[in-house]
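# Structural overview
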Amino acid sequence: MDSSALFPAPYAEGLPNPWIGGLLMTMPLALALIGADGRIVAANEALLATAGDAARLGVAPAALFVEADRARIAKMVGRVVNGRGPYEVRAALAARPDEAQVVTLSPVPPGFGVASLLAMRDIREQLRLERQVAAVTRMQAVGQLAGGIAHDFNNILTAVLGLTDQLLARHPETGVDYADLDQIRINGRRAAALVEQLLAFARQQPRKQRVLDLETTVLGLRPLLEQLIGPNIALTIDAPGLARAVHADDSQIEQIVVNLVVNARDAMEGAGALAIALSDVAAADIVALGHAIIPAVDHIAVRVSDTGSGISPEIAGKIFEPFFSTKPQGLGTGLGLSTVYGIVKQSAGYIFAEPAPGGGTVFAVYLPSVPRAGLAPVAPPPLAAPTLPTSLRVLLVEDDAAVRAVLERGLRRQGLAVEAVDGGAAALERLRDAAAPPLDVVVSDVMMPGIDGVELVSQAREMLPGLRVVLMSGFAEPPLHRAADRQGVSFLSKPFAMVDLVAAIAATLPA
């Protein structure tokens, strides 16, 4: 802000002590100098930030306040101009009527060219904190909403996708209904991906972390990225060979890269150059990055740069907020960058958006790195459901009737003997029934009223040590995931295909 607009040069030059102008501007209070006529003759930036546009040269101080307090302020200004005081009063500013300010009015000794001094608390830092709190509150609200809807929505999708798979299995690919059923499955998976984005933003998405070769992961995405950006955007991936790895969920890392690439594509409006660069960042080099919040430990940097229009300062502070988008309505969900932010923070990393040299934007992601010694080959996912012994007896525990019916029907079609119950209490009652046939595997939902899936596993294994268990999770709080991990039980995230459930059951059986 140009201080000459607040403290005009002619006035400053006319002061008996000209240095008072500079002192006024630097004080950490909202200050105004009042002339003998009872009007403001100078003010600092803090006053404008606190009192708003009403704080102008030549106005009476009473004009800064709500109508109910103006007479009282005007009366005190009159007294102080005549050498009485000082006075202190609480009054509400017109710019902030819901919050009373402590206002101090003091007479100024002769010789300074002004009659009195008005002082208020500088609220610029408070305003900044209020903006931050409001942003965090919005993000927390969306996170709670994501967690609240994820369980029920994923149950619905599990039922829809399960029924669709079963119908597809009974229809030949040349049938008249096959294409329509396949479209239902595709849209169901798109809906599931949207829930994953919400959970990733809320930092509540279940993670399957392992020591990951980031170079292999990113290079493996090249065919997909080239399809996403189209032929008019030149893609380069600079991965010179990383000395270290990251401990992360590979699917989440892929989400980060894909979302940043799609964001860059849209910023370039379909034409330009896009570069992805990977590099090791040693602990000793962290300070040189200029980001004080990054701890001084080894990291790997992923930089995605584009030649687009860049990010204007007006929206720079909003780009990671959920549902914020500069795209026309209907062309974006506003979850892309907020999803990236959520995953990065969930992975103990940091992300920054910076102007690119020559125009465009660079998104820089820093993830803590680990030694490559822990790298291990990942087995490819099964292409078809493994064959399970038809003698296998499964206890299915699911409180959602639609999901229970779909899964029970699907498992029976695999030739398994299935008993289905609607909750943890009924499951424990069945497990205690010594006269009933022994069970081989328990397949249970996690989030159920009464006894949840993790507690069910704990009590069931006290009765039957070594009981094989598969837990299904539409959405489970992180503490439940950690409790299940301690018991050696992994989650099968909803929604899933029947082949995934069969494979999960097969994984619990002896080789």
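Predicted model, so just to flag it, every value in this text is computed and none were measured.

## Examining the sheet that holds strand 4 (residues 96-107)
Taken in spatial order, the 5 strands line up as 2-1-5-4-3 in an open sheet, and their pairing is antiparallel. Pairing within the sheet leaves two strands with one partner each, and these edge strands are strand 2 (40-43) and strand 3 (87-93). Each strand axis lies, on average, 30 degrees off the axis of its neighbour in the sheet, ignoring direction. Sheet topology places strand 3 next to strand 4; 7 bridges connect them, and they run antiparallel. Each bridged residue has a counterpart across the sheet, and for Tyr 87 the counterpart in strand 4 is Leu 105.

## Describing helix 12 (residues 424-432)
Residues that lie three or four places apart on an α-helix share one face, since the helix turns once every 3.6 residues. Buried within helix 12 are the following residues: Gly 424, Ala 427, Leu 428, Arg 430 and Leu 431. End-on, the buried residues of helix 12 take up no more than an arc of 160 degrees, which puts them together on one face. Looking at helix 12, the residues exposed on the side facing more than 90 degrees away from the buried face are Ala 425, Glu 429 and Arg 432. On its buried face, helix 12 sits against strand 13 (393-397), strand 14 (417-421), strand 15 (441-445) and helix 13 (453-463).

## Regarding the pairing of strand 10 (residues 299-306)
Judged by how many residues are buried, strand 10 sits mostly within the fold: 7 of 8 residues are covered. Note that strand 9 (residues 272-281) and strand 10 share 8 bridges and pair antiparallel. When the bridges of strand 10 are listed, Leu 274 appears paired with Asp 306.

## Focus on the sheet that holds strand 13
One open sheet accounts for 5 strands, arranged 14-13-15-16-17; its pairing is parallel. For this open sheet the edge positions go to strand 14 and strand 17 (491-493), each flanked by a neighbour on one side alone. Looking at each pair of strands side by side, their axes are set apart by 20 degrees on average, direction ignored. Relative to strand 14, strand 13 is paired through 5 bridges, and the arrangement is parallel. Considered in strand 14, the bridge of Leu 395 is made with Glu 419. Running at roughly 170 degrees to strand 16 (residues 468-473), helix 13 makes contact with strand 13, strand 15 and strand 16 of the sheet.

## Notes on the pattern of salt bridges
One pass over the structure, following the stated rule, counts 10 salt bridges. Among the ionic pairs, Arg 72 bridges to Asp 69, the shortest N-O distance being 2.8 Å. With Arg 72 and Asp 69 both in helix 4 (residues 67-81) and 3 residues apart, this pair spans about one turn of that helix. Taking the relative accessible area as the measure of exposure, Arg 72 reaches 34% and is therefore partly exposed. In this structure, a network of salt bridges that share partners links the residues Asp 165, Asp 182 and Arg 185.

## Brief notes about unusual backbone geometry
For Ala 348, which is not a glycine, the phi torsion comes out positive at approximately 65 degrees. Turning to its location among the elements, Ala 348 is positioned in the loop between helix 10 (336-346) and strand 11 (350-355).

## Observations concerning the environment of Gly 359
Here Gly 359 is to be found in the loop between strand 11 and strand 12 (361-370). Taking the C-alpha atoms as reference, Gly 359 lies 6.9 Å from Gly 308; in sequence the two are 51 residues apart.

## Some words on a nonpolar patch on the surface
A cluster of nonpolar residues, Phe 153, Ile 156, Val 160 and Ile 184, forms a patch on the protein surface that exposes about 310 Å² of accessible area. Here Ile 156 shows up in helix 5 (residues 124-170).

## A short note on the nonpolar core
Judged by nonpolar contacts, the single largest core of 36 residues is most densely connected at Leu 225, Ile 256, Leu 260, Leu 274, Ile 276 and Val 365. If you tally residues by element for this core, the top one is helix 9 (residues 250-267), at 7 residues. Not counting residues within four places of it along the chain, the set of residues in contact with Leu 225 comprises Leu 235, Val 257, Val 258, Val 261 and Ile 276. In terms of nonpolar packing, the next biggest core, distinct from the first, is built from 26 residues, Ala 46, Ala 62, Leu 105 and Met 120 among them.

## Concerning the packing of helix 12 against helix 13
Put simply, helix 12 and helix 13 touch, their axes get as near as 10 Å, and they point 5 degrees apart. If you check the angle between helix 12 and helix 13, you find them roughly parallel. Touching Gly 424, Ala 427, Leu 428, Leu 431 and Arg 432 of helix 12 are Leu 456, Gln 459, Ala 460 and Met 463, all from helix 13. By residue class, the composition of the contact of helix 12 with helix 13 is 6 nonpolar, 2 polar and 1 charged.

## Section: helix 13
The complete set of buried residues in helix 13 reads Gly 453, Val 454, Leu 456, Val 457 and Ala 460. Summarising the axial view, the buried residues of helix 13 lie within an arc of 155 degrees, below the 170-degree limit, and thus occupy one face. By the N-cap criterion, in which a side-chain oxygen at the helix start approaches the backbone nitrogen of a residue two or three places on, helix 13 is capped by Asp 452, the distance to Val 454 being 3.0 Å.

## What about the side chain of Gln 166?
One can find Gln 166 in helix 5. When its relative accessible area of 8% is taken as the criterion, Gln 166 is described as buried. Apart from residues lying up to four places away in sequence, Gln 166 is in contact with Val 406, Arg 409, Gly 410 and Arg 413.

## Some details on the confidence of the model for the protein chain
For the protein chain, per-residue confidence averages 78 on the pLDDT scale, and 76% of positions sit at 70 or higher. Scored below 50 in pLDDT, residues 1-17 shows 35 contacts in the model against residues more than four places distant or in partner chains.

## Focus on the packing of helix 8 (residues 222-229) against helix 9
Think of two packed helices as two axes; the pair is described by the angle between the axes and how far apart they sit. Direction vectors running N to C along helix 8 and helix 9 enclose 25 degrees, while the axes themselves pass 10 Å from each other. In terms of axis orientation, helix 8 runs roughly parallel to helix 9. Classified by chirality, the crossing of helix 9 by helix 8 is right-handed. Counting all contacts with helix 8, which are made through Leu 224, Leu 225, Leu 228 and Ile 229, the residues of helix 9 involved are Val 257, Val 258, Val 261, Val 262 and Arg 265. Split by residue class, the contact of helix 8 with helix 9 holds 8 nonpolar, no polar and 1 charged.

What counts, and at which threshold
Residues numbered from 1 in each chain as written. Predicted model: local features only at pLDDT ≥ 70, side-chain atom pairs only at ≥ 80, totals over all residues. Heavy atoms only, no water. Pairing = 2+ DSSP bridges. Helix = DSSP H or I, 4+ residues; strand = E, 2+ residues; numbered from the N terminus. Axes fitted to C-alpha atoms, helices over the stretch in contact; angles between N-to-C directions. Buried < 20%, exposed > 50% of the residue type's maximum accessible area, 1.4 Å probe, protein only. Arc of directions from axis to C-beta. Contact = heavy atoms within 4.5 Å. Salt bridge = Lys/Arg side-chain N within 4 Å of Asp/Glu carboxyl O. Patch = residues over 30% accessible without salt bridge, like charges linked within 9 Å, V, L, I, M, F, W, Y side chains within 5 Å. Areas by Shrake-Rupley, 256 points an atom, 1.4 Å probe, with all protein chains shown as cover. Core = buried A, V, L, I, M, F, W, Y, C linked by side-chain atoms within 4.5 Å. Parallel < 35°, antiparallel > 145°, perpendicular 65-115°, else oblique. Nonpolar A, V, L, I, M, F, W, Y, C, P; charged D, E, K, R; others polar. Polar contact = N/O pair within 3.5 Å; in protein donor to acceptor, adjacent residues only side chain to side chain. pLDDT = per-residue confidence, 0-100. Left-handed = near helix turned anticlockwise from the far one by under 90°.

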